[in-house]
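Below, each chain spelled out in residue letters.
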Amino acid sequence: NAGVMQNPRHLVRRRGQEARLRCSPMKGHSHVYWYRQLPEEGLKFMVYLQKENIIDESGMPKERFSAEFPKEGPSILRIQQVVRGDSAAYFCASSPTSREQFFGPGTRLTVL
Amino acid sequence: GIQVEQSPPDLILQEGANSTLRCNFSDSVNNLQWFHQNPWGQLINLFYIPSGTKQNGRLSATTVATERYSLLYISSSQTTDSGVYFCAVDKDTGNQFYFGTGTSLTVIP
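This structure is a prediction, so every number in the text was calculated from the model and none was measured.

(A) Region of the structure containing the environment of A:Ser58. Structurally, A:Ser58 is set in the loop between strand S6 (53–56) and strand S7 (65–68). Remark: the alpha-carbon pair of A:Ser58 and A:Arg78, spanning 20 residues in sequence, is separated by 16 Å. Aside from chain neighbours lying at most four places away, what touches A:Ser58 is A:Phe45, A:Met46 and B:Gln96. A distance of 2.7 Å separates the side chain of A:Ser58 from the side chain of A:Asp56, its partner in a polar contact. Side chain to side chain, A:Ser58 and B:Gln96 meet in a polar contact 3.5 Å long.

(B) A look at the interface of chain A and chain B. In this complex, chain A contributes 20 residues to the contact, which on the side of chain B involves 20 residues. The contact between chain A and chain B buries some 1600 Å² in all, and 51% of this surface belongs to carbon and sulfur atoms. At the junction of chain A with chain B, the criterion picks out zero salt bridges. Scanning the region where chain A abuts chain B turns up seven residue pairs in polar contact (both at pLDDT 80 or more). Those elements that provide at least two residues to the side of chain A that touches chain B are strand S4 (31–37), strand S5 (43–50) and strand S10 (102–103) of chain A. Residues of the side of chain A that touches chain B, tallied by class, amount to nine nonpolar, five polar and six charged.

(C) Focus on the nonpolar core. Core analysis: the biggest nonpolar cluster contains 23 residues, and A:Trp34, A:Met46, A:Leu77 and A:Tyr90 have the highest contact counts within it. Listed by contribution, the elements that provide at least two residues to this core are strand S3 (19–24), S4, S5, S7, strand S8 (75–79), strand S9 (88–95) and strand S11 (107–111) of chain A. The contact partners of A:Tyr90, leaving out residues within four places of it in the chain, are A:Gln6, A:Leu21, A:Tyr35, A:Arg36, A:Met46, A:Phe65, A:Leu77, A:Ile79, A:Gly106, A:Thr107 and A:Leu109. Formed by 22 residues, the second largest nonpolar core is a distinct cluster that contains B:Leu11, B:Leu46, B:Ala61 and B:Tyr85.

(D) The pairing of S5(A), seen in detail. Residue and element names in this part refer to chain A. In terms of burial, S5 is a largely internal element, six of the eight residues being buried. Of the pairings in the sheet, the one linking S4 to S5 comprises seven bridges and is antiparallel in character. Each residue of the ladder has a partner; that of Val32, found in S5, is Leu49. Where S4 folds back onto S5 in an antiparallel hairpin, the turn is made up of five residues, including Glu40, whose phi is positive at roughly 65 degrees. Across three bridges, S5 lies against S6 in antiparallel orientation. Bridging across to S6, Tyr48 finds its partner in Asp56. Taking the residues that link successive antiparallel strands as the turn, the S5-S6 hairpin has two residues, and the phi of Glu52 there is positive, at about 65 degrees.

(E) Representation of the sheet that holds S3(A) in the model. All names here are of chain A. Pairing is antiparallel across the open sheet formed by four strands, whose spatial order is S1-S3-S8-S7. Two strands bound the open sheet, and with one partner strand each, they are strand S1 (5–7) and S7. Neighbour to neighbour, the strand axes of the sheet diverge by 15 degrees on average, direction disregarded. Judged from the three bridges that link them, S1 and S3 form a sheet pairing that is antiparallel. Each residue of the ladder has a partner; that of Asn7, found in S3, is Arg22.

(F) Broad picture of the sheet that holds strand S8 (residues 69–74) of chain B. Residue and element names in this part refer to chain B. Strands sit in the order S1-S3-S8-S7-S6 across an open sheet of five strands; the sheet is antiparallel. Each edge of the open sheet is held by one strand with a lone partner, namely strand S1 (4–7) and strand S6 (52–56). Looking at each pair of strands side by side, their axes are set apart by 15 degrees on average, direction ignored. In this structure, strand S3 (residues 19–25) lies alongside S8, joined through six bridges in antiparallel fashion. Bridge pairing in S8 places Ser19 opposite Ile74.

(G) Layout of the state of the cysteines. The final tally for this structure, using the stated rule, is two disulfides over all chains. Residue A:Cys23 pairs covalently with A:Cys92 via a disulfide, S to S 1.8 Å. When the S-S torsion is -50 degrees, as for the bridge of A:Cys23 with A:Cys92, the disulfide is left-handed. Here A:Cys23, found in strand S3, pairs with A:Cys92, found in strand S9; they are 69 residues apart in sequence, far enough to count as distant. Using a relative accessible area of 0% as the deciding quantity, one classes A:Cys23 as buried. Residue classification places A:Cys92 among the buried positions, given a relative accessible area of 0%. One disulfide in the model links B:Cys23 with B:Cys87; its S-S distance is 2.0 Å. Disulfide B:Cys23 to B:Cys87: torsion about the S-S bond roughly -55 degrees, handedness left-handed. A residue pair is termed long-range when its members are at least 10 positions apart, and B:Cys23 in strand S3 and B:Cys87 in strand S9 (residues 83–90) qualify at 64 residues. Here the two residues B:Cys23 and B:Cys87 agree in accessibility, since each one is buried.

Conventions and cut-offs
Residues numbered from 1 in each chain as written. Chains lettered and ligands numbered in written order. Predicted model: local features only at pLDDT ≥ 70, side-chain atom pairs only at ≥ 80, totals over all residues. Heavy atoms only, no water. Helix = DSSP H or I, 4+ residues; strand = E, 2+ residues; numbered from the N terminus. Contact = heavy atoms within 4.5 Å. Polar contact = N/O pair within 3.5 Å; in protein donor to acceptor, adjacent residues only side chain to side chain. Buried area = accessible area lost by both parts, 1.4 Å probe. Salt bridge = Lys/Arg side-chain N within 4 Å of Asp/Glu carboxyl O. Nonpolar A, V, L, I, M, F, W, Y, C, P; charged D, E, K, R; others polar. Core = buried A, V, L, I, M, F, W, Y, C linked by side-chain atoms within 4.5 Å. Buried < 20%, exposed > 50% of the residue type's maximum accessible area, 1.4 Å probe, protein only. Pairing = 2+ DSSP bridges. Axes fitted to C-alpha atoms, helices over the stretch in contact; angles between N-to-C directions. Disulfide = S-S within 2.5 Å.

The structure is reproduced here in structure tokens:
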């Protein structure tokens, strides 16, 4: 059973561009979480989704950030008009039961 | 949200030494996990341990939920144990994990 997949692993964007991060959960997992890790810090929760539904987006900035988990395909975290402060590692986690979470390898976003 | 404090923040060990990492949390929790973030940035699940004691090889963990803390024990440390160890807790099942700031472990040969 493959683990949580994230792509791309590294993403470089210029200020004002859009960043699109993808996450494929483990097979059989219907709960997906996105976290952000700034340098030298712990992970901070952004959003929790189940298939086609956003359950909790309390950690996500109100502007420029959006997330989806469609019926088919991976979960997408989208950042519009990126700024330098968006540079971070973005981790996706999935869970079969909303208890133990399994993390992907992360996407390192660099905004120039 | 829940406050999660980890100690010590930094730890340097000689290979073969033992260590105990601590995680204190400010409220009752339903879920607790320990992770190892290796030098390449990957997060490795160590234990899912909302209560009780578990062991896996040289690592073991104990959570005393009523007293709001968890301990991670590393015995006979190896250089590959280096990295940052995070504790993460969840108050309400299925929602966000709150992460501690981590313990940065360096094991020297």
